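Listed here are the chains, written in short residue letters.
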Amino acid sequence: MKLTLSKSILLFTLVVANFLSAQRIEWSPEYKGSRFGSTIFADKGKDFYTLTYNGSLLFSSTYLTRYDDFSKGETKKISYKVDGGTGSFNDMIVVDGKVVVFITDRKNGMYKLYYQIYNKKCIPETNPKLVIEYKSPKGFKRGDYFKIIQSKNKKYFVVEYAVPGNKTENDRYGYKIFDDSFEIIGEGEYESPYGSKESDITNRYISNTGDLFVGIKVYNTNSKGRVRDFSSLKKYIICFIKGDELEEMDLDFKKKTVTDLTFSSDDNRILTCTGLYGEDRVATKGAFYCQMDFRNKTIINEGFSEFKKDFITEGWSDRAKKRANKLEAKGKGTPQLTKYDFRDVHTTKDGAIIVAMEQYYVVVVTTTDSKGNTRTTYHYYYNDVIVYRVQENGTFDWIKKVSKRQHTINDGGYLSSIGGYFTDDAYVFYFNDHKKNYSTAGKFLTNLPYVYSMTSTRRNNCVARVEIDLENGNLVRDLYLSRKEAKVVAVPKFFVIDYVNNEMFMYFRISGFNKKEKFGLLSF
């Protein structure tokens, strides 16, 4: 009885401590939400907009809502009317405090993209303005392709369209770059230097100075076409786009082949690339870093850090380690880190780069029963997070792995992944986790045989908080919020960072997929 009482007192203390720590969050009231959730667009403080979809997956309407001091205003349906016809919703961004909605339309064989500005009452204050139009290729039956990309400082955005090539022509791309006054500062149309059968444009990036870059993977091909894996990857090239021209640079590191990358840049137009590289038959050997000067077409600095076996298998179960060791002993491959997506890139005051990556993949399983009924199941995996720091000269200071397991079915990984922010001293991120990974004092247990997979149940769901010191890589992982006590479940994918005001909007559902929602504002 004494043991039970002691545990109860300790648990109560933990709940109070977690509640107090979460007081940094300013909570909104509960609101009726949408089945598909709300996308947040920050304005300032507790003033913001949300974008929601109502209806079915195939036939839905888009709605805009303004919140002032967390008080919900009127919800207005976004208009799709353009030039006497009705278009389709494409995207929405906020430019200099103004909501900008993009609408696409197709008429008489022409693909068109319009933008329209909405005021704080969620009513259009301008008529739709044509941004780009192009003629649909003969026999082309697919939908339009328009992509909106905004710079990290929100001072520039680019509107891009694509026209697929035929047997004799490569794909063409057109673009217009706007500043935050909606003035065009650059435009053009260019042809991909490689055909679609032998290449993929995998990266598009607009810098804080309005420069446009793309990354292209080039593959070796055979008589049957292309094999999309590391064995056929020929090279990775970076292109700086100006007018109708592409300035091309190869990422040539001799025997090391770049497999995935992300961009960052400074105000001096020095482009930083960092990501993963492979070597020999190993698709993911480690992380790389380089700085590129496109004016002189030279690589200024470069660096590499190989992932050691202990780092790769950190957080693996004993069973998984034994299986990997047996395969290695038989010459069937060494342990590797695969299928990582970039989540965030940050440049520190001293010019170093901090990169966060998350393992993400989807497994599709199709089964057929004895009656011939076929069922397809989608498994979504969001696992370990890797964070590393590279100095400006290419020296890797540290690499850290945060072990986590998130596996859901047929939901798009709605409650999975991470949401976080950078300060001058730390990288902080949050994700849904399992209470069994923590002590009664809320500390992460490092002696577990394996990490428990995330759960969304009211009893065991919690939000984990990880803080990594940017200088030395020291890491602290704690239980931040309990669903049972807070009566909400976090949706980290929908967290929004506002670096102008040093705030993060946090999005919560009251009970998984019901239609009640709640917002939190965290200052940092």
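Described below are features of the structure shown in this document. (Residues numbered from 1 in each chain as written. Predicted model: local features only at pLDDT ≥ 70, side-chain atom pairs only at ≥ 80, totals over all residues. Heavy atoms only, no water.)

## Some words on the nonpolar core
Quick note on the threshold: Residues grouped as a nonpolar core are buried Ala, Val, Leu, Ile, Met, Phe, Trp, Tyr and Cys residues, joined through side-chain atoms within 4.5 Å. Relative accessibility decides the category of a residue: with a 1.4 Å probe and only protein chains considered, values under 20% of the type maximum give buried, values over 50% give exposed, and everything between is partly exposed. Helix and strand definitions here come from DSSP, where helices need a minimum of 4 consecutive H or I residues and strands a minimum of 2 consecutive E residues; each element is numbered from the N-terminal end.
Judged by nonpolar contacts, the single largest core of 19 residues is most densely connected at Val100, Phe102, Phe157 and Val159. Looking at this core, the elements that each hand over two or more residues are strand S9 (88-95), strand S10 (98-107), strand S11 (110-118), strand S12 (129-135), strand S13 (146-150) and strand S14 (156-163).

## Observations concerning the sheet that holds strand S34 (residues 461-469)
Formally: Any two strands with at least two DSSP bridges between them are considered paired. The axes used here are C-alpha line fits, helices contributing only the stretch in contact, and every angle between their N-to-C directions lies in the interval 0 to 180 degrees.
With antiparallel pairing, the four strands of this open sheet are ordered in space as S32-S33-S34-S35. With one partner strand each, in any of the chains shown, strand S32 (419-422) and strand S35 (475-482) form the two edges of the open sheet. Across the sheet, the mean angle from the axis of one strand to that of its neighbour is 20°, orientation sign disregarded. By the bridge criterion, four bridges tie S32 to strand S33 (residues 426-434) in an arrangement that is antiparallel. Note that in S33 the partner of Gly419 across the bridge is Tyr430.

## Topic: a nonpolar patch on the surface
For clarity, the cut-off: Two distance rules govern patches: like charges are joined within 9 Å, and nonpolar side chains (Val, Leu, Ile, Met, Phe, Trp, Tyr) within 5 Å, applied only to residues with over 30% relative accessible area and no salt bridge. Surface exposure here means Shrake-Rupley accessible area, sampled with a 1.4 Å probe, where a residue is shielded only by the protein chains that are shown. By convention in these notes, a salt bridge is any Lys or Arg side-chain nitrogen within 4 Å of a carboxyl oxygen on Asp or Glu.
Taken together, Val362, Val364 and Tyr378 make up a surface patch of nonpolar side chains, about 240 Å² in accessible area. Along the chain, the position of Tyr378 falls in strand S29 (residues 374-390).

## Structural notes on unusual backbone geometry
Phi angles above zero are rare outside glycine, and Asp96 is one such case at about 50°. Judged by relative accessible area, Asp96 falls into the exposed class, the value being 55%. Backbone geometry at Ser417 places phi at a positive 75°, although glycine is not the residue there. Its place among the elements puts Ser417 in the loop between strand S31 (406-409) and S32. What makes Ser417 buried here is its relative accessible area of 5%.

## Let's talk about the packing of aromatic side chains
Quick note on the threshold: Paired rings are identified among Phe, Tyr and Trp, the last through its six-membered ring, by centres lying within 6.5 Å, and are further divided according to the angle between planes into stacked (under 30 degrees), edge-to-face (over 60) and tilted (the rest).
In total, this model carries 40 aromatic pairs according to the counting rule given. Consider the rings of Tyr205 and Phe263, whose centres lie 5.5 Å apart with planes at 45°: the pair is tilted. Of the two residues, Tyr205 sits in strand S17 (residues 199-206) while Phe263 sits in strand S23 (residues 256-265), which places them 58 residues apart along the sequence. Look at Phe263 and you get buried, because its relative accessible area is 7%. Measuring from centroid to centroid gives 4.7 Å for Tyr361 and Tyr381, while their planes differ by 15°, and the two rings are stacked. Linking Tyr361 in strand S28 (residues 353-368) with Tyr381 in strand S29, this pair joins segments that are 20 residues apart in sequence. Taken together, the ring pairs connect Tyr31, Phe48, Tyr67, Phe70, Tyr414, Phe494, Phe505, Tyr507 and Phe519 into an aromatic cluster.

## Overview of the sheet that holds S23
Strand order in the open sheet formed by four strands is S23-S24-S25-S26, with antiparallel pairing between adjacent strands. This sheet does not close on itself; its edge strands, each paired only once, are S23 and strand S26 (298-306). Recorded for the sheet is a direction-independent mean angle of 25° between the axes of neighbouring strands. Note that strand S24 (residues 271-279) and strand S25 (residues 282-293) share eight bridges and pair antiparallel. Looking at S25, one finds that Glu279 is bridged to Val282.

## Digging into the pattern of salt bridges
Overall, the coordinates contain 21 salt bridges when judged by the stated rule. Between Asp43 and Arg66 there is a salt bridge, with the nearest N and O atoms lying 2.8 Å from each other. Taken together, the positions of Asp43 in strand S3 (residues 38-44) and Arg66 in strand S5 (residues 60-68) put the pair 23 residues apart, joining distant regions of the chain. Residue Lys46 pairs with Asp69 through a salt bridge whose shortest N-O separation is 3.2 Å. Here Asp69 lies in the loop between S5 and strand S6 (71-77) and Lys46 lies in the loop between S3 and strand S4 (47-55), a separation of 23 residues in the sequence. The network of salt bridges with shared partners includes Glu26, Lys46 and Asp69.

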